[in-house]
Amino acid sequence: METFQRREKIKLEILEKHEEKEQFHQDIELLYVLSGHLDVYIEGNKTSMNSEDVFIINANKRHYLKGSGDIVYVKLMIMYNMLSDVLNNFEMMFVCDSSQVDHEAYDGLRKLMQKLLGCYVAHKGDKADFGYIATCYEIMDYICKYFLIRSNAIVGDADSDKYRKRLMQIENYIQANYQSPISLKELADKLYLSNGYLSRFFKKNYGMSFAEYLTNVRLHHAVDQLLYTDIPITRIVYDNGFASVALFNKAFKKEYGETPSAVRKRAAKNTSQEQVNLSSQLEQKLTYVLWNDTKKQDDGLKSKKIQVTLSTNNGTVLKPIWNNIINIGSADDLLRSEVQEHTLLLKKTLNFTYVRFWNPFSKELLIDIENKEHKYNFSRLDSLLDFLVNNHIRPFIELENKPKRVEKTTTSSAIYELFKIIGSMDNWNALMESFLRHIVARYGREEVSSWRFELWLDSEQLDDELYLFNYFEKLKAARRIIHNYSDAKLGGSGIHGYVKSTEKKSTYIRAYHDKIKTAGAIPDFITLYSYAYDAYEENGQMISKPSSDQDFMLHVINNFERDVSDKISGREVYFSEWNLTISDRNLINDTCFKGAYLMKNYIDLLGKVDGMAYFRGTDRVSEAYDTDDFLFGGMGLLTKDGIQKPMMYALHFLNRLYPTYIGKGDNFIATKDGYGSYGIACHNCKKLNYHYYYVEEDSLDRNHLSKYFEDLDDLELNIDLTDVENGLYQMKVYRINEEHGSVMTIWQEMEFETNLSRDDIQYIKNACEPKLLMQKVKAEDNKIHLHMTLMANEIAFIYLMRL
């Protein structure tokens, strides 16, 4: 059979229809609402779209559309086969729904859609334009970067993996054999399944029978030949697996409402002229959208240069949020001498107040939580607490036993250990009473009053009334007992990953905080957990992927304040765990980017929360059989050999800030001491790109880590300090970048050698110190001009002292 190619690999339509009939096709369908309201029904599920919303309907999803109001929307039909060929992936799925989660990735997609519409309007619907064609490919590239989900990102067990594999086998087999007279029995035999089971499987997963699905696939291919070739219809029939012309005509007319010959004849009239005559009203609407967007782009344009003027007469008391708590690990980890060694190193360098740990009441610590006589052996826990107290470190104890996990990806763990939870309220009350009585007797009421406790909430169970009742009872009991023996504070009741909530989950969250007040279970302070992942539900299964939202943490707290702050007014709010990633095998953790990312988020959230405990302190708690390399992508501030990573220096630079801050921006924070000295911390944090989001987190290419960023441009930072005392100042600049102080760069220069001697490791440790530059600057007319060029993902601290 002759080869052919469909002319429009991506097809644009601008529609004002209030209803479209139910469809089932193999193209990717991207929807963008310009005005009005559009309801999208996909296999029984409804999504409501309003103006500016974008949504992707995946291939092979039965759906129909219903609009209301002054509805105008854009539809892009993208060839599935083209994307699968380019990406070499036959299990593509996109998660793009701004009606549920909206962040800057959606803004980028809107701008591209508006750019495409600009080309469309400028040429009156003529698509034979390089700008139009180029933008189509930009859109395809963009959705693959930010909204494409790998099939193995779906969280599930072995049964779900088997299910996905079966779907892939079915679709691959039909795509490979649709031109032949295949049957349900043949496919069932190939999969070693019964006919009845496979028939039910089709009905359940495709909403149609095997025969209907096969006919749909055949029609999809036949229509391309019908419209874009002059191959006789009879030939098209048999080339695409139909048994007869009559059957083809019947199926075609049922699906498209016309005969094949009528469709071909009508299409032929339009082949010489693809132009669409836009109505004046529609053109006005499109023009308004484009004009409005241009205005937004101009207002929000971000330059590679930053110019800012700060008056040193201004001043706000700085309440640091980066130096109060550090996460170490499970209680049994903290008993290990090598972990204690790193804890002391962290304390010496960062001078934090609290060490947070969990699983204090476990068999590893020789504590039997189900002891019928309620007698407990606290000797190993005493050893841990003695170590902290003797070194002037305050314990921050997570009271509940949580799983001990070292993650590779969202679906793969290097270590996963379950710890027995305390289910009985009698056991819980007895244990809390014995524990508080014991530590007050051993360490004194004054010492224990300076400690902090927390009770973890599993936010995935917000819809479980029994779970919430038990949690509230535990929280109230723990708070009562702690306050009976000391003035220590108990935190809890926080939500994990608030920004990724669906509307359904947000409703649960708001209702949950109402229940906290009703139950009288508001803790002394609120704790939140946050890792930068977007999560969605698809076919009853959770899909999780790293979020492309660079302001993820900021959006978490903004959403939290919007929905629940009034319910917990007067309580401090802490991120007791936070990170970009949950993976301890992600090499991005060992790069300069991670240092810039930490500094960015601490600056962004300054004044919005009372503390942020980075997760976690050292790579020694995440070692396993697969960590023989010098660096392995652990989340620790310290490598397993005790070498400080760039993110450790980010915290160190922030710690050197003075007690009064005079201003901050997206890339810096400036402070003063009141005696003529100034401290400025700054960064050039870059955005991660498609290459990062599409590969598994434990599979990054360590030889070419730069490819995981959207750009590597420098940032010119110009700061004018005004109202300063005239005269000469000494300026010191400490810098960490890819050329100075990057542990990953230094190891790469050693060709990633694994067998390093102690002298080699000492060399790396010394080489990871920040670069120091010193010079004199003069203040004239009560102004100092500071100019710095920051490399991609560089962090720096500027120190100015009056001479």
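The structure under discussion appears in the preceding block.
Residues numbered from 1 in each chain as written. Predicted model: local features only at pLDDT ≥ 70, side-chain atom pairs only at ≥ 80, totals over all residues. Heavy atoms only, no water.

**Digging into the packing of aromatic side chains**
Then comes step 1: This structure, assessed with the given rule, holds 33 aromatic pairs.
Then comes step 2: Between Phe 396 and Phe 525 the ring centres are 6.0 Å apart and the planes differ by 70°, which places this aromatic pair in the edge-to-face class. Residue Phe 396 is found in strand 13 (residues 394-398), and its partner Phe 525 is found in strand 18 (residues 525-531); the two are separated by 129 residues along the sequence.
Then comes step 3: Judged by relative accessible area, Phe 396 falls into the buried class, the value being 0%.
Then comes step 4: On the basis of an interplanar angle of 40° and a centroid distance of 6.5 Å, the ring pair of Tyr 658 and Tyr 799 is categorised as tilted. Here Tyr 658 is found in the loop between helix 21 (646-655) and strand 23 (660-665), whereas its partner Tyr 799 is found in strand 30 (residues 795-802), with 141 residues between them in sequence.
Then comes step 5: Tyr 658 sits in the buried class, given a relative accessible area of 16%.
Then comes step 6: Following the ring pairs from residue to residue traces out a cluster consisting of Trp 322, Trp 578, Phe 593, Tyr 597, Tyr 602, Tyr 614 and Phe 709.
Then comes step 7: Sitting above the plane of the Phe 352 ring, Lys 347 keeps its charged end 5.8 Å from the centroid. (Phe/Tyr/Trp six-rings, centres within 6.5 Å; stacked < 30°, edge-to-face > 60°. Helix = DSSP H or I, 4+ residues; strand = E, 2+ residues; numbered from the N terminus. Buried < 20%, exposed > 50% of the residue type's maximum accessible area, 1.4 Å probe, protein only. Lys NZ or Arg CZ within 6 Å of the ring centre and 35° of its normal.)

**Digging into the sheet that holds strand 11 (residues 325-330)**
Then comes step 1: The eight strands are arranged 11-12-13-16-17-18-21-22 in an open sheet whose pairing can be described as parallel. The open sheet has two free edges, formed respectively by strand 11 and strand 22 (611-614), since each of these has just one partner strand. Going across the sheet, the axis of each strand differs from the next one's by a mean of 25°, ignoring polarity.
Then comes step 2: When strand 17 (residues 489-492) meets strand 18, the two strands line up parallel, connected through two bridges. Paired with Gly 492 across the two strands is Ile 526, which belongs to strand 18. (Pairing = 2+ DSSP bridges. Axes fitted to C-alpha atoms, helices over the stretch in contact; angles between N-to-C directions.)

**Topic: unusual backbone geometry**
Then comes step 1: In this structure, Arg 616 follows Phe 615 across a cis peptide bond, with omega equal to 10°.
Then comes step 2: Take Arg 616: it is sitting in the loop between strand 22 and helix 21.
Then comes step 3: Residues other than glycine seldom take positive phi values, yet His 374 does so here, at roughly 55°.
Then comes step 4: On the secondary structure map, His 374 appears in the loop between strand 12 (354-358) and helix 14 (379-390).
Then comes step 5: The phi torsion at Phe 752 lies on the positive side, around 55°, for a residue other than glycine.

**So, the side chain of Gln 550**
Then comes step 1: Mapped onto the fold, Gln 550 is located in the loop between strand 20 (541-546) and helix 19 (552-564).
Then comes step 2: Polar contacts involving the side chain of Gln 550 include one to the main-chain carbonyl oxygen of Lys 686, which spans 3.3 Å.
Then comes step 3: The contact partners of Gln 550, leaving out residues within four places of it in the chain, are Glu 104, Lys 600, Cys 685, Lys 686 and Lys 687. (Polar contact = N/O pair within 3.5 Å; in protein donor to acceptor, adjacent residues only side chain to side chain. Contact = heavy atoms within 4.5 Å.)

**Focus: the side chain of Thr 312**
Then comes step 1: In this fold, Thr 312 is placed in the loop between strand 9 (305-311) and strand 10 (316-317).
Then comes step 2: For Thr 312, a relative accessible area of 4% gives the class buried.
Then comes step 3: Engagement of the side chain of Thr 312 in a polar contact is seen with the backbone oxygen of Asp 723, the distance being 2.8 Å.
Then comes step 4: For Thr 312, the contacting residues outside a window of four places in its chain are Ile 662, Lys 672, Tyr 678, Leu 721, Thr 722, Asp 723 and Val 724.

**Quick word on the pattern of salt bridges**
Then comes step 1: Inspection of the entire model under this criterion finds 41 salt bridges.
Then comes step 2: Asp 107 is the partner of Arg 110 in a salt bridge, and the nearest nitrogen-oxygen pair spans 2.8 Å. With Arg 110 and Asp 107 both in helix 2 (residues 104-122) and three residues apart, the pair spans about one turn of that helix.
Then comes step 3: A relative accessible area of 7% places Arg 110 in the buried class.
Then comes step 4: We note a salt bridge from Glu 338 to Arg 336, for which the minimum N-O separation is 2.9 Å.
Then comes step 5: When salt bridges with common partners are traced through the structure, they connect Asp 332, Asp 333, Arg 336, Glu 338 and Lys 404 into a single cluster. (Salt bridge = Lys/Arg side-chain N within 4 Å of Asp/Glu carboxyl O.)

**Digging into empty space enclosed by the protein**
Then comes step 1: For the structure shown, the criterion picks out three cavities of 30 Å³ or more.
Then comes step 2: Taken together, 13 residues line the largest cavity, and the ones lying closest to its centre are Trp 456, Leu 457, Gly 494, Thr 527 and Tyr 529.
Then comes step 3: The set of elements that each furnish at least two residues to the lining of the largest cavity consists of strand 16 (452-455) and strand 18.
Then comes step 4: Among the elements that take part in the lining of the largest cavity, strand 18 stands out by supplying three residues, more than any other.
Then comes step 5: Of the pockets and cavities examined, the second largest cavity occupies roughly 50 Å³.
Then comes step 6: Around the second largest cavity sit Trp 322, Asn 323, Ile 325, Ile 326, Leu 350, Phe 352, Tyr 602, Met 612, Tyr 614 and Leu 651, which together line it.
Then comes step 7: Elements that contribute at least two residues to the lining of the second largest cavity include exactly strand 11 and strand 22. (1 Å grid on protein atoms, 1.4 Å probe; cavity = no way out; pocket = protein on both sides within 12 Å on 5 of 7 lines; lining within 4 Å. Points joined across faces, edges and corners; volume = space filled by probe spheres on them.)

Distances and angles like these do not, on their own, reveal function.
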